[in-house]
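Breakdown of the fold
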Amino acid sequence: MMSSGRNRVKIFVRFRPTPNFAHDSVEFLNDGQTINIHAKKEDKRQTVNNQLLDWSFKVDGILHNASQEQVYETVVADMTTKALNGFNGTLLAYGQTGAGKTYTITGATENYKQRGTIPRAIAQIFRSVEEQSDQAIVIRVSYLEIYNENMFDLLSTLPEGSSSNNGGYDNQMTIVEGANGSICVKGLSMHVANNEGEALNLLFEGETNRAIASHSLNKNSSRSHCIFTIHIESRSRTESNAKYVTSKLNLVDLAGSERLGKTGSEGQIQKEAMYINKSLTFLEQTVIALADKHRGHIPYRQTKLTHALKDSIGGKCCTTMIANVYGDFPQLDETISTLRFAMRMKCVPVEPAVNEHYDPWLLVRELDANIKHLKQELDMHNTLANRAQVSYSSLSDGQMNDIKKQVRLFLEGKTSEIDVTSLHQIGAIFTQFRSVVLEMERDINQQYKNKFLLLDKSDSDAMLAVQKAGLPLDDHGNYAGTSETAFTVVPIATQQATAAPASKQKQQPPASPKRKSGKKSRGGGSPTGRGPASPSPQAEPGAKPAKSGATQPSVQLATTDGAESTKKEESFPTDSVTEEKKTSRPSTPPTRPQAFEEFKKERGQEINRILNENKTILMSKKRIVRDLAHAVNATKHMIDGTRVALERKKNERMEQGEFVNEEGETVIDEEEFQLISQLKNLKQTYRHDYDELRNVKTEVEYCQKLVDQCRQKLVQEFDAWYNDSFMQDNHETSASVGYGARPGIIVPARLTLNSQQANLEDDQEKFERVQQELLMDHQDSAAFYNAKMRTRRRQIYEKAMAQPQPNRQLPPGVPQVSMRNKPPNQMSYVY
Ligand SMILES: Nc1ncnc2c1ncn2[C@@H]1O[C@H](COP(=O)(O)OP(=O)(O)OP(=O)(O)O)[C@@H](O)[C@H]1O
């Protein structure tokens, strides 16, 4: 097959066989694609509107004296094959009346050999259907005629069909465009053809219904456009997927393109010719627009023909045109005209694409199966990653409540972590944050409303009433502590003292309107209708309720609470915060050392008492150790001194000569004897004291452990209380900075602050212990250790003071979310 311009509409020129072929004027080049037409000067008058004498047309193929079979194989067979694979295909037969368009498209219906492209395409399609046993292919046929801008269903005479239209007049047929740009003629019947014979029957049925008007040029000339469409739907029998392909093969027999004047037609025939001209002119305009890549708008809708062929010319459709022409000299001008249109059509770009679709039901089933499979994969992955508890399904009401509780605890400062295991949970946490914050805001507003009333400062009555009630107002009329605004906030009084004068007025509400002249009634000031004694929160959103309240100071100022309740009202607790918590969070938290001192007097009183008792015992034991150590040291010195004296005495005796008695024993003098006795006694004393010292030291160690334990307990409890009460975040503790515990003592994870005092006492004790241990061997080391210990004490004090204090800059309720079971590479959320 000859071809050029792969991405353009293909053009073939078919010459109607004639014994009078204008060989002198029409020339085919050897490339099989070029047609040169020469008009002699003397013949010029016969070439209408054409100023040129020489024409050259390059097309995709020239069909001269070609049989029907050759035409089909050359032009249509490939397009039919593509249609079976899901590509749309359109064959347009264009040309002068009688040039052979119908012969090309339909052929001679009485002669099998001369059958046209429609019966041949039908045969090829059903051959392929039989061969492709793995595909379930459904063939449907429609046959549309457009005559004088009216649409007719050429198969409407058949009973069966997917769309009936009562005779096929176009008032029942409309051209509709699908979402993907596909065109469908609503109301045009579609007929399933199960085999070649059924399809051919449909063709012949349509042919007999075709409107035919006699014409001077050709008795059988068709004055209408006919579109025979084979709709193909193909699904795989072997794969159970939702994908399937559809296509349509349009075989279009256009009406004759000759000019009006030449036919000499009149009346109805002239009217037909006008419509034909109109539609073909618009077809040409559409083709020109399609060929121009800069044109945004394509005038498809100007005629039924172009609108119905919108998805069949260019674009995703494999489009081919056969230009049917005469080779006779008298028809040369029409031949040139037809070829010029063909050249324009040749410029229309095409980009064929398969029409893939997805069966929605099958697709849902397929996606369901995929989701199930992926969930299983995810479960397995989570199990392997030790995240078996993670759930990806929507959260239940119980889980939502749990998250809400966690969010509340977080906002109340009772926890610093919120469990996050899935994106679902993160979304839910944010939702709950919003919900809880709104609730809190509402509660706080409510509490304000319960405690305060808004008074319009310009309302002299109201202000007078407040003053009468004895509330302190400054020169600007502001209640102490409120800003200078048009309104002042007045607390609902809680003292009987203020309630007393109010109660006077309360007893005479009906009189109120009368007390102040010219003012509207304020006696019924409570919009709730609960009477003046009800300080309704609904009463004060605007100035009016405040006004009304102002004439009833007893209403605003009288409460049933005593002084204690007044104290409570100084804080603004949330509904879920305990009273204890409310009072334990002053606006200016104490420093740790201050707080520790307070803690020891209150919450940690008992453990502090035990600690102090243990310390007292420890100190007394240590004193015994110290005294014993001194005694042992002294004895040791005396032993050493006695040894030296005894040695000296022995040497003297040796120098003077030894005295020996009858038994041969050495005789010593009294002094030496005393020294020996003294040494013996000293050694005994030393051994005794040393044993005593060792025993008491063991007791000291035991007592020391008790003291350590008590101290740890005290510090732990303080740490927990302080962090819960004042801290917004986790901070480094004293344990983590490396002091506050003895070597060898296991420090609990949450051991934090050691108070200054505790540290100082520790080191005092430590100093004493070290002193005791070292003093015996290094008597002169006391000053050294003393100085070192003082330095150490100062360092500890500085570190303790440098520990984190409550973060007053951090706004309350700022969330910090940490992720448990955080998998590798998972996003971490920082708020
Ligand atoms: N290639 C051909 N070989 C043999 N006969 C042909 C050929 N082309 C046309 N004819 C004959 O010419 C006559 C007119 O052809 P046809 O009806 O196909 O013309 P047409 O272009 O469809 O005209 P119209 O525009 O009026 O429909 C028919 O009798 C047809 O058999």
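These numbers come from a predicted model, not from an experiment.

Attention shifts here to the overall build of the protein chain. A count of helices and strands for the protein chain gives 23 helices and 19 strands. Scored against the burial criterion, the 831 residues of the protein chain give a buried share of 43%. Of the accessible surface of the protein chain, which amounts to about 44,800 Å², a share of 52% is contributed by carbon and sulfur atoms.

To continue, consider the environment of Gly 187. Among the structural elements, Gly 187 can be located in the loop between β10 (183–186) and β11 (191–192). Judged by its relative accessible area of 13%, Gly 187 falls in the buried class. Along the backbone, Gly 187 and Met 173 are 14 residues apart, and their C-alpha atoms lie at a distance of 4.6 Å.

Between the first and last C-alpha of helix α9 (residues 360–384) there are 35 Å, a value that for 25 residues agrees with the 36 Å anticipated at 1.5 Å per step. Just beyond α9, the residue with positive phi is Asn 386, at close to 60°.

Two numbers describe how helix α19 (residues 592–601) lies on helix α21 (residues 670–726): the axes approach to 10 Å, and their chain directions differ by 115°. Here α19 runs over α21; the crossing is right-handed. In contact with Arg 592, Ala 595, Phe 596, Phe 599 and Lys 600 of α19, α21 contributes Leu 714, Glu 717, Phe 718, Asp 719, Trp 721, Tyr 722 and Asn 723. Looking at the contact of α19 with α21 residue by residue, the class counts come to 7 nonpolar, 1 polar and 4 charged.

So, about the sheet that holds strand β4 (residues 54–58). Pairing is antiparallel across the open sheet formed by 3 strands, whose spatial order is β2-β3-β4. The open sheet has two free edges, formed respectively by β2 (26–28) and β4, since each of these has just one partner strand. Averaged over all adjacent pairs, the angle separating strand axes in this sheet is 20°, with direction ignored. Pairing of β2 with strand β3 (residues 34–38) involves 3 bridges; the strand directions are antiparallel. When the bridges of β3 are listed, Val 26 appears paired with Ile 37. Its contacts with the sheet place helix α8 (residues 332–346) against β2, β3 and β4, and it is angled at close to 40° to β4.

A word on the UniProt feature "binding site: ATP" (unreviewed entry) in the protein chain. On the UniProt side, "binding site: ATP" (unreviewed entry) is annotated at positions that read Gly 95, Gln 96, Thr 97, Gly 98, Ala 99, Gly 100, Lys 101 and Thr 102 here. Tracing the sequence through the fold places Thr 97 in the loop between β6 (89–95) and α2 (101–105). Topologically, Thr 102 is positioned in helix α2. With relative accessibility at 29%, the residue Thr 102 sits in the partly exposed group. Apart from the residues lying within four places of it in its own chain, the contact partners of Thr 102 are Gly 107, Arg 210 and Asp 253.

Right, let's get into the pattern of salt bridges. This model, assessed by the stated rule, comprises 22 salt bridges. Among the salt bridges present, the one from Lys 600 reaches Glu 597, with a minimum N-O distance of 3.5 Å. Of this pair, Lys 600 and Glu 597 both sit in helix α19, 3 residues apart, roughly one helical turn. Relative accessible area serves as the criterion here: at 10%, Lys 600 is assigned to the buried category. Salt-bridge contacts for Glu 699 lead to Lys 621; the nearest nitrogen and oxygen are separated by 2.3 Å. Here Glu 699, found in helix α21, pairs with Lys 621, found in helix α20 (residues 605–656); they are 78 residues apart in sequence, far enough to count as distant. Looking at Lys 621, the relative accessible area reads 22%, which means it is partly exposed. Taken together, the shared-partner salt bridges connect Lys 649, Glu 652, Asp 669 and Glu 671 into one network.

This next bit is on unusual backbone geometry. Of note in the backbone geometry, Asn 65 takes a positive phi value of approximately 55° without being a glycine. Residue position: Asn 65 is located in the loop between β5 (61–64) and α1 (68–84).

Before going further, it helps to spend a moment on the packing of aromatic side chains. Using the criterion set out here, one finds 13 aromatic pairs in the structure. Ring geometry for Phe 599 and Trp 721: centres 5.5 Å apart, planes at 35°, overall tilted. Of this pair, Phe 599 sits in helix α19 while Trp 721 sits in helix α21, and the two are 122 residues apart along the sequence. Exposure class is identical for Phe 599 and Trp 721. Each is buried. Judged by centre distance (5.5 Å) and plane angle (35°), the ring pair of Phe 718 and Tyr 722 falls under tilted. Of this pair, Phe 718 and Tyr 722 both sit in helix α21, 4 residues apart, roughly one helical turn. Overall, Phe 718 belongs to the buried group, its relative accessible area being 0%. Tyr 722 gets classed as buried once you look at its relative accessible area, which sits at 0%. Three or more aromatic residues link up through ring pairs in this structure, and these residues are Phe 596, Phe 599, Phe 718, Trp 721 and Tyr 722. Between the NZ or CZ atom of Arg 115 and the centre of the ring of Tyr 112, over which it lies, the distance is 3.7 Å. Here the guanidinium or amino end of Arg 235 rests over the ring plane of Tyr 244, the centre of that ring lying 3.9 Å away.

Among the surface-exposed residues, Ile 668, Phe 673 and Ile 676 lie close enough to one another that they form a single nonpolar patch of about 240 Å² accessible area. Mapped onto the elements, Ile 668 comes out in the loop between β19 (666–667) and α21.

So, on to the pairing of strand β12 (residues 225–236). Regular strands place side chains that alternate from one sheet face to the opposite one. With 10 of its 12 residues buried, β12 lies for the most part within the structure. Bridge count between strand β7 (residues 135–147) and β12: 12 bridges; the pairing is antiparallel. If you follow Ile 139 over to β12, its bridge partner there is Ile 232. Across 10 bridges, the pairing between β12 and strand β13 (residues 243–253) is antiparallel. Across the sheet, Glu 233 pairs through a bridge with Thr 246, a residue of β13.

With that out of the way, let us pick up the environment of Thr 320. Relative to the assigned elements, Thr 320 resides in strand β14 (residues 318–326). For Thr 320, a relative accessible area of 5% puts it in the buried group. With 245 residues separating them in the primary sequence, Thr 320 and Val 75 have C-alpha atoms 7.6 Å apart. With residues near it in sequence (within four places) discarded, Thr 320 still touches Val 9, Lys 10, Phe 12, Val 75, Met 79, Thr 90, Leu 91 and Leu 92.

One way to put it is that helix α10 (residues 397–411) packs onto helix α11 (residues 423–451) with a least axis distance of 9 Å and a crossing angle of 60°. When the axis of α10 is compared with that of α11, the two are oblique. The way α10 lies across α11 gives a crossing that is right-handed. Residue-level contacts link Met 400, Ile 403, Lys 404, Val 407, Arg 408, Phe 410 and Leu 411 of α10 to Gln 425, Ala 428, Ile 429, Gln 432, Phe 433, Ser 435, Val 436, Val 437, Glu 439 and Met 440 of α11. Grouping the amino acids of the contact of α10 with α11 by side-chain chemistry returns 11 nonpolar, 3 polar and 3 charged.

Thresholds, definitions, all that
- Residues numbered from 1 in each chain as written.
- Predicted model: local features only at pLDDT ≥ 70, side-chain atom pairs only at ≥ 80, totals over all residues.
- Heavy atoms only, no water.
- Helix = DSSP H or I, 4+ residues; strand = E, 2+ residues; numbered from the N terminus.
- Buried < 20%, exposed > 50% of the residue type's maximum accessible area, 1.4 Å probe, protein only.
- Areas by Shrake-Rupley, 256 points an atom, 1.4 Å probe, with all protein chains shown as cover.
- Expected span 1.5 Å × (residues − 1).
- Axes fitted to C-alpha atoms, helices over the stretch in contact; angles between N-to-C directions.
- Left-handed = near helix turned anticlockwise from the far one by under 90°.
- Contact = heavy atoms within 4.5 Å.
- Nonpolar A, V, L, I, M, F, W, Y, C, P; charged D, E, K, R; others polar.
- Pairing = 2+ DSSP bridges.
- UniProt positions renumbered as here; feature names shortened; annotations may be inferred.
- Salt bridge = Lys/Arg side-chain N within 4 Å of Asp/Glu carboxyl O.
- Phe/Tyr/Trp six-rings, centres within 6.5 Å; stacked < 30°, edge-to-face > 60°.
- Lys NZ or Arg CZ within 6 Å of the ring centre and 35° of its normal.
- Patch = residues over 30% accessible without salt bridge, like charges linked within 9 Å, V, L, I, M, F, W, Y side chains within 5 Å.
- Parallel < 35°, antiparallel > 145°, perpendicular 65-115°, else oblique.

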